[in-house]
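Tertiary structure, described
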Amino acid sequence: MSATTVQTAPRDPAVQAVLDSVLSTPSSTLLERARSHASAQGLRYAGGLTPAEAWALVSRGDAVLVDVRTAEERKFVGRVPDTPHAAWQTGPAMIKNPRFLRELEKAAPKSAVVLLLCRSGKRSAAAAEAAAAAGFQNVFNVLEGFEGDLDEQQQRGEAGGWRRWGLPWQQD
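Fair warning: this is a prediction, and the values are worked out from it, not measured in the lab.

A few words on the overall build of the protein chain. If you tally the helices and strands in the protein chain, you get 6 helices and 8 strands. For the protein chain, the succession of helices and strands along the chain, N to C, is β-α-α-β-α-β-α-β-β-α-β-α-β-β. Out of the 172 residues in the protein chain, the part that is buried amounts to 45%. For the protein chain, the proportion of contacts with a sequence separation of at least 24, taken over those separated by at least 6, is 63%. Carbon and sulfur atoms make up 52% of the accessible area of the protein chain, which amounts to about 8700 Å² in all.

On to the packing of aromatic side chains. For the structure shown, the criterion picks out 3 aromatic pairs. When the ring of W88 is compared with that of F100, the centres are 5.0 Å apart and the planes differ by 85 degrees; the resulting orientation is edge-to-face. Here the residue W88 occupies a position in the loop between α4 (71–77) and β4 (89–90), and F100 occupies one in helix α5 (residues 100–107), the gap between them amounting to 12 residues. Here the two residues W88 and F100 agree in accessibility, since each one is buried. Judged by centre distance (5.9 Å) and plane angle (85 degrees), the rings of F146 and W169 are edge-to-face. Residue F146 is found in the loop between β7 (138–142) and β8 (170–171), and its partner W169 is found in the loop between β7 and β8; the two are separated by 23 residues along the sequence. Among the residues examined, F146 registers a relative accessible area of 0% and is labelled buried. Residue classification places W169 among the buried residues on the basis of a relative accessible area of 8%.

The subject of this paragraph is the packing of helix α2 (residues 27–41) against helix α3 (residues 51–59). Where α2 contacts α3, the axes come no closer than 10 Å and their chain directions differ by 140 degrees. Overall, the two elements α2 and α3 adopt an arrangement that is oblique. For the pair α2 and α3, the crossing hand works out as left-handed. Each of S27, L30, L31 and R33 in α2 lies in contact with α3, whose residues at this interface are E53, A56 and L57.

Taken as a whole, this structure holds 7 salt bridges when the rule is applied. Among the ionic pairs, R123 bridges to E73, the shortest N-O distance being 2.7 Å. With a gap of 50 residues between them, R123 in helix α6 (residues 123–133) and E73 in helix α4 connect regions that are remote in the sequence. For the pair R123 and E73, a shared accessibility class is recorded, and that class is buried. Salt bridges sharing partners connect three or more residues here, namely D67, R69 and R74.

Scoring rules and cut-offs
- Chains are numbered independently. Their residues run from 1 in the order of the written sequence.
- Reporting in this predicted model follows two pLDDT cut-offs: at least 70 for local features of residues, and 80 or more for side-chain atom pairs to be given and counted; totals over whole chains, interfaces and linings ignore these cut-offs and use all residues.
- Excluding hydrogens and water, the side-chain values take into account all heavy atoms of the structure.
- Every helix listed is a DSSP run of H or I at least four residues long, and every strand listed is a run of E at least two residues long, numbered separately from the N terminus.
- Partly exposed describes any residue whose relative accessible area lies between the buried limit of under 20% and the exposed limit of over 50%, with all areas from a 1.4 Å probe on protein chains only and scaled to the type maximum.
- Two residues form a contact once any of their heavy atoms are found within 4.5 Å.
- Where accessible areas are quoted, they stem from the Shrake-Rupley method and a 1.4 Å probe; at the residue level, only the protein chains shown are allowed to cover.
- Paired rings are identified among Phe, Tyr and Trp, the last through its six-membered ring, by centres lying within 6.5 Å, and are further divided according to the angle between planes into stacked (under 30 degrees), edge-to-face (over 60) and tilted (the rest).
- Every angle, taken between N-to-C directions, lies between 0 and 180 degrees, and every axis is a line fitted to C-alpha atoms, over only the stretch in contact when it is a helix.
- Put simply, angles under 35 degrees are roughly parallel, angles over 145 are roughly antiparallel, angles from 65 to 115 are roughly perpendicular, and the rest are oblique.
- Here a crossing is taken to be left-handed if its near helix is turned anticlockwise relative to the far helix by less than a right angle, and right-handed if that turn runs clockwise.
- By convention in these notes, a salt bridge is any Lys or Arg side-chain nitrogen within 4 Å of a carboxyl oxygen on Asp or Glu.

What follows is the structure, given as structure tokens:
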């Protein structure tokens, strides 16, 4: 079965206003804000970006978005089109992928601005720490991830995330 681009409903006007504002912000400003926030929080990687900020950078060609979710998540939940994959964890037991750093180096050079995306922004934060420790100088976590946090009903998809922002994605 071939991948099909999912068409999302029109964005909420408030979400669209935020997205428009982010898209009009220079990449250097987005990156500097994230770095400053990371420094203030004592993070061991370059920083965190919202899905809208990540999209602004990727759509301009100023960053490489790398999906660190499992192959199964990408297949059954969806993925951002044309993004490389370097799983942080693998298998049903979610064991750390021993090849993660090698796979990440194949996806992007250590000097590139690299944005890591997982389900909710938690695994990608751990992956960003490991990447930074391995010499990736400009590695950022995509906050909220692909699906966002759990909502009141303990479900994902309505409380933030790449898809909730109405950004490009596809599903097999």
